[in-house]
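Structural overview
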Amino acid sequence: MALPTIALVAVTVFALIRFIPGDPAALMLGDMAQPDQIAAMRTELGLDKSMPQQFVIWAGNVLLGDFGKSIVNGESVLPLVASRFLVSAEIVVVAVFLASLLAVPAGLIAAWRQNGLTDLALVGTATVLLSIPTFWLGLLLLLFFGLKLGWLPVLGYVSIGDNVVGGLLYLVLPVMTLVIHEMGVLIRMARASTLEVLRLDYIIHARAKGLSESAVLWRHAFKNAFGPTWTMIGLILGNLLGGIAVIETVFTIPGLGRLMVDSIFARDYPVIQGCLLFVSLSYVLVNLVVDLLYPLFDPRVVAE
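Remember, predicted model here, so these are calculated numbers, not experimental data. (Residues numbered from 1 in each chain as written. Predicted model: local features only at pLDDT ≥ 70, side-chain atom pairs only at ≥ 80, totals over all residues. Heavy atoms only, no water.)

Applying the stated criterion to the full structure yields 2 salt bridges. For aspartate 119, the salt bridge is made with arginine 191, and the minimal N-O distance between the two is 2.7 Å. Within this pair, whereas aspartate 119 is found in helix α6 (residues 117–131), its partner arginine 191 is found in helix α8 (residues 164–198), the two being separated by 72 residues in sequence. Put simply, arginine 258 and aspartate 262 hold a salt bridge, and the shortest N to O gap is 3.9 Å. With arginine 258 and aspartate 262 both in helix α12 (residues 256–266), this residue pair falls 4 residues apart, about one helical turn. (Salt bridge = Lys/Arg side-chain N within 4 Å of Asp/Glu carboxyl O. Helix = DSSP H or I, 4+ residues; strand = E, 2+ residues; numbered from the N terminus.)

Below is the structure:
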């Protein structure tokens, strides 16, 4: 389903962009532009052709790796989007990895201690974390760690390639914001899937053989329970790659989400299309990889 999904996304992205009010040609030339100048610019941009013709031309160029040029600054869209995507990916991948590392064992322990104080505390914490809006959490972290304590930079961004220590410091707060929020989702998912596995007959059989609870939990329950959680991790990763605009705006990070917001305000059609298509492709590819790797977490699949 990946290929038809990508084709449908391409059509949808192209169509939705056309509903944005405003004429890109008039925006480029300014308020003093004459009608003949606007008409000439529309011809140069290909906006004078019919919608199907515009789509065929655009799709053909995209297949060749040409996403067009920015209306605002004339820069090629693909290198621009790719460079901004790498900034967003740094934050998202690290955040999802850390959230999974902390949340999956926590969900496992919560299921093991079902209805106990540990379970209630973990589920309550997960519910609270899930309920906090990311933009509000980010502002609180900025206020406490940036302004009150002065431990971390408040605004801006430094590339890790230019300055490793400085770059990591600028990533701490946005990564922490995403980790705290996404832990709530993963704890609840890991707990639910583990509870389902712990009720199966082979778990009872493993306990009847005299295995310790830790062996039952980690050697037998974990692998079965991790499959649905792995799927959720892939969904979260794809969602964050496409929905990180709020975090990048709060922390003034020049990532893909910030580029998309700025392009919408500037009516920069090619960049908006490039951003949306790139995000959609990333989401589809992430979920494709998750589906292909899923058998690795299914104990019914035996390597030959």
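A word on the side chain of threonine 177. Tracing the chain through its elements places threonine 177 in helix α8. In this structure threonine 177 comes out as buried when scored by relative accessible area, which is 0%. A distance of 2.8 Å separates a polar atom in the side chain of threonine 177 from the backbone oxygen of leucine 173. Excluding residues that lie within four positions of it along the chain, threonine 177 makes contacts with Thr134, Leu137, Gly138, Leu141, Ile247 and Phe251. (Buried < 20%, exposed > 50% of the residue type's maximum accessible area, 1.4 Å probe, protein only. Polar contact = N/O pair within 3.5 Å; in protein donor to acceptor, adjacent residues only side chain to side chain. Contact = heavy atoms within 4.5 Å.)

Taken together, the side chains of Phe135, Trp136, Leu139, Leu140, Leu143, Leu147 and Val246 make up a nonpolar region of the molecular surface, amounting to roughly 660 Å² of accessible area. No other element matches helix α7 (residues 134–148), which puts 6 residues into the nonpolar patch. By the element assignment, leucine 140 lies in helix α7. With relative accessibility at 36%, the residue leucine 140 sits in the partly exposed group. (Patch = residues over 30% accessible without salt bridge, like charges linked within 9 Å, V, L, I, M, F, W, Y side chains within 5 Å. Areas by Shrake-Rupley, 256 points an atom, 1.4 Å probe, with all protein chains shown as cover.)

All right, on to the packing of aromatic side chains then. Per the counting criterion, the structure on display carries 3 aromatic pairs. When the centroid spacing of 4.9 Å and the interplanar angle of 65 degrees are considered together, the rings of phenylalanine 85 and phenylalanine 278 count as edge-to-face. In this pair, phenylalanine 85 is assigned in helix α5 (residues 77–112) and phenylalanine 278 in helix α13 (residues 269–293), connecting sequence segments 193 residues apart. Per residue, the accessibility class of phenylalanine 85 equals that of phenylalanine 278, and both read buried. Taking the centre distance of 5.0 Å and the plane angle of 85 degrees together, the rings of phenylalanine 144 and phenylalanine 145 count as edge-to-face. With a relative accessible area of 44%, phenylalanine 144 lands in the partly exposed category. Taking the relative accessible area as the measure of exposure, phenylalanine 145 reaches 18% and is therefore buried. Chaining the aromatic ring pairs together yields one cluster made of Phe144, Phe145 and Trp151. (Phe/Tyr/Trp six-rings, centres within 6.5 Å; stacked < 30°, edge-to-face > 60°.)

Spatial relationships are all this shows, so hold off on functional conclusions.
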